[in-house]
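# Structural overview for review
Below are the chains, spelled out letter by letter.
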Amino acid sequence: MKRLAILGASGHGKVLADMAELVGWGETVFFDDAWPGLEKAGQWRVEGDTRALTAAVAAYDGVIVAIGDNLVRLDKQRLLAESGGALVSLIHPQASVSRYASIGAGSVVMAGAVINVDAHVGKGCIINTGATVDHDCELGDGVHLSPGVHLAGGVKVGRASWIGIGASVKQLVSIGDGVVVGAGAAVVQNLPDRCTALGVPARIVGSA
Ligand SMILES: CC(=O)SCCNC(=O)CCNC(=O)[C@H](O)C(C)(C)COP(=O)(O)OP(=O)(O)OC[C@H]1O[C@@H](n2cnc3c(N)ncnc32)[C@H](O)[C@@H]1OP(=O)(O)O
């Protein structure tokens, strides 16, 4: 039986565990730094913290990180890889992914998402429920596209950027690293690194 370990017993983690069952993982267990206080996530057991997982990583056929914070997710993913963990990606059977697209290790593609031809998704990304990534898009590592985000063709999204629920991005627009795009925004111009942009059309309201 194939065993999957998920680091991060969050709501997002439960979505991944549910999806893992659908795609044939026989057993899924969680690890979370809130253990031993936290013993369960929905239907699934929490068996230890990050340290316990790095020590036991060889016992799992696959590992994946389910932490919403993009930089923390990338950091934990690096730690698991350095510990010898077999990072996997998860793609929901009702997602549509072009055979000419690529999805990096540790990335997840939720139900109803579409990834079109020649799109490239980095490592540790979240392509959330019903999000679409059109042809020739390039997503850096650790990007999160929230539910219902739409990227038109040739959009670039930099490392660890977060695009909020329902936002859309015009074709060929380039979004920098560490950017936050608010829920419902329409991005029609390039955005520099580490800014926050809100509204329709999206305007920069701050920088980190
Ligand atoms: C499966 C899942 O659940 S995945 C997660 C999906 N969730 C999302 O996508 C959420 C995206 N997050 C947002 O849009 C957030 O509002 C953020 C990150 C842009 C800002 O969050 P915060 O920094 O906490 O801002 P806060 O809520 O304090 O609002 C600050 C101001 O910005 C305004 N504001 C916040 N978000 C938006 C937005 N998306 N568009 C326009 N204005 C906004 C608020 O109304 C407020 O205005 P005010 O100062 O005039 O009252």
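Residues numbered from 1 in each chain as written. Predicted model: local features only at pLDDT ≥ 70, side-chain atom pairs only at ≥ 80, totals over all residues. Heavy atoms only, no water.

## Thoughts on the side chain of Ser146
Inspection of the secondary structure puts Ser146 in the loop between β15 (144-145) and β16 (150-151). Judged by its relative accessible area of 4%, Ser146 falls in the buried class. Polar side-chain contacts of Ser146 include one of 2.9 Å to the backbone oxygen of Ile163. Once you skip the residues sitting within four places of it in the chain, Ser146 turns out to touch Asn128, Ala131, Trp162, Ile163, Gly164 and Ile165. (Helix = DSSP H or I, 4+ residues; strand = E, 2+ residues; numbered from the N terminus. Buried < 20%, exposed > 50% of the residue type's maximum accessible area, 1.4 Å probe, protein only. Polar contact = N/O pair within 3.5 Å; in protein donor to acceptor, adjacent residues only side chain to side chain. Contact = heavy atoms within 4.5 Å.)

## Examining the UniProt feature "site: Increases basicity of active site His" (unreviewed entry) in the chain
This chain's UniProt record puts "site: Increases basicity of active site His" (unreviewed entry) on Asp136. Position of Asp136 among the secondary structure elements: in the loop between β13 (132-133) and β14 (138-139). The contacts of Asp136, once residues within four sequence positions are left out, are Val117, Asp118, Ala119, Gly154 and Val155. (UniProt positions renumbered as here; feature names shortened; annotations may be inferred.)

## Description of the domain arrangement of the chain
For the chain, the assigned domains read domain 1 (3-88) and domain 2 (91-190). On a C-alpha basis, the centres of domain 1 and domain 2 stand 23 Å from each other. Domain 1 puts 14 residues into the contact, and the matching count from domain 2 is 21 residues. Buried area between domain 1 and domain 2, summed over both chains or domains, comes out near 1300 Å², and the portion from carbon and sulfur atoms is 67%. Of all residues in domain 1, the largest losses of buried area upon contact with domain 2 belong to Met19, Asn70 and Leu74, amounting jointly to 37% of the total for that side. The tally of links from domain 1 across to domain 2 stands at zero salt bridges. Counting across the interface, domain 1 meets domain 2 through seven residue pairs in polar contact (both at pLDDT 80 or more). Elements represented by at least two residues in the side of domain 1 that touches domain 2 include exactly α1 (11-22) and α3 (70-82). When the residues that make up the side of domain 1 that touches domain 2 are grouped by side-chain class, the tally is 10 nonpolar, three polar and one charged. (Domains from an automatic or database assignment. Buried area = accessible area lost by both parts, 1.4 Å probe. Salt bridge = Lys/Arg side-chain N within 4 Å of Asp/Glu carboxyl O. Nonpolar A, V, L, I, M, F, W, Y, C, P; charged D, E, K, R; others polar.)

## Some details on the sheet that holds strand β11 (residues 120-121)
Ordered in space as β8-β11-β14-β17-β20, the five strands form an open sheet in which the pairing is parallel. Strands at the two margins of the open sheet, each flanked by one partner only, are β8 (102-103) and β20 (174-175). In this sheet, β20 lies alongside strand β17 (residues 156-157) in parallel orientation, the contact comprising two bridges. Along β20, the bridge assignment pairs Val157 with Ile175. (Pairing = 2+ DSSP bridges.)

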